[in-house]
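Descriptive structure summary
Here is what each chain is made of, one letter per residue.
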Amino acid sequence: LGILSEVTLKVIPAHRLVEQTLVLTRSEAREQLPTMLRRHKHIRYMWIPYEDAVVVVTNDPENELPLAGPGTETLDANGRRKKVVTDDDLKSKFTSSEQLAPLRVLLKKLSPSVDDETLSGMGFGDLRDVLLASGNMLDPDHIKKVNRAEKEFWVRAQGLDIAPSEQKLQFDCGGQQWVYE
């Protein structure tokens, strides 16, 4: 390609995204794929092997929420229907500790010597990495146990969140991997 001496980038203003996390079955994910792709600005699917579960994460600009999506319906200044996200919409059914509980319980069962202070300092990616390493990673039964706990984590983590786009378009997928879209 040669040497570049000048580059022009088109940037957009900083903005906030509404992120929705939900867990679907594989058949639901397949059925809803065309609609999800049309409806959302950003979407990612994460299949959990040995579980009939697909984690779906959508991100949409805060001021352009799809009417059929999550949030609270209201009217804009011109009397047209629109969606906004309220504090009530953001309330999680589970605390962070409750969301991580299935992973922590399994780790305590597989590695009883792990102390509570260490456990409480570990997030999802760390817990998943340690769980996988705590057994034979080539043993399907071990992977099934870990993935069952991971599925329960995601079921408990379902919901809405709002943050700047540079925070929402990245995620820790474990295994020393960091994904930035």
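Structure's up top.
Along each chain, residues carry numbers from 1 onward, in the same order as the chain's sequence is written. Per-residue local features are limited, in this predicted model, to residues with pLDDT of at least 70; the limit for side-chain atom pairs, both in listing and counting, is 80 or more; totals at the level of whole chains, interfaces and linings are taken over all residues. To get the side-chain values, take all heavy atoms of the structure and skip hydrogens and water.

Let us look at the pairing of strand β3 (residues 53–61). Counted residue by residue, β3 has nine buried out of nine residues, so it is predominantly covered. Note that strand β1 (residues 16–24) and β3 share eight bridges and pair antiparallel. Note that in β3 the partner of Val18 across the bridge is Asp60. Note on pairing: two strands pair once DSSP finds at least 2 bridges between them. Each helix is a run of DSSP H or I of at least 4 residues and each strand a run of E of at least 2, with the numbering of both proceeding from the N terminus. Two strands pair when backbone bridges link them, and strand β2 (residues 42–48) and β3 are joined in this way by seven bridges, in the antiparallel orientation. Bridge pairing in β3 places Ile43 opposite Thr58. In textbook terms, the turn of a hairpin is the stretch between consecutive antiparallel strands, and for β2 and β3 this stretch comprises four residues, one of which, Tyr50, has a positive phi near 70 degrees. Classification of residues uses two cut-offs on accessible area relative to the type maximum, computed with a 1.4 Å probe and protein chains only: under 20% is buried, over 50% is exposed, and between them is partly exposed.

By definition, no residue in a patch forms a salt bridge, and every one has over 30% relative accessible area; like charges are joined within 9 Å, nonpolar side chains (Val, Leu, Ile, Met, Phe, Trp, Tyr) within 5 Å. Method for areas: the Shrake-Rupley scheme with a 1.4 Å probe, in which residue coverage is limited to the protein chains shown. Any Lys or Arg side-chain nitrogen located within 4 Å of an Asp or Glu carboxyl oxygen qualifies as a salt bridge. On the surface, Leu4, Val7, Leu9 and Val11 cluster together into a nonpolar patch covering about 490 Å² of accessible area. Leu9 sits in the exposed class, given a relative accessible area of 68%.

A separate point is the packing of aromatic side chains. Two rings belonging to Phe, Tyr or Trp (six-membered ring only in the last case) form a pair when the distance between their centres is within 6.5 Å. Interplanar angles under 30 degrees mark stacking, angles over 60 mark edge-to-face geometry, and anything in between is tilted. One pass over the structure, following the stated rule, counts three aromatic pairs. With centroids separated by 4.6 Å and ring planes inclined at 15 degrees, the aromatic side chains of Phe124 and Phe153 adopt a geometry described as stacked. With a gap of 29 residues between them, Phe124 in helix α5 (residues 124–133) and Phe153 in helix α6 (residues 140–157) connect regions that are remote in the sequence. For the pair Phe124 and Phe153, one class covers both residues: buried. The interplanar angle of 65 degrees and the centroid separation of 5.3 Å between the aromatic rings of Phe124 and Trp154 together place this pair among those described as edge-to-face. In this pair, Phe124 sits in helix α5 while Trp154 sits in helix α6, placing the two residues 30 residues apart along the sequence. What makes Phe124 buried here is its relative accessible area of 15%.

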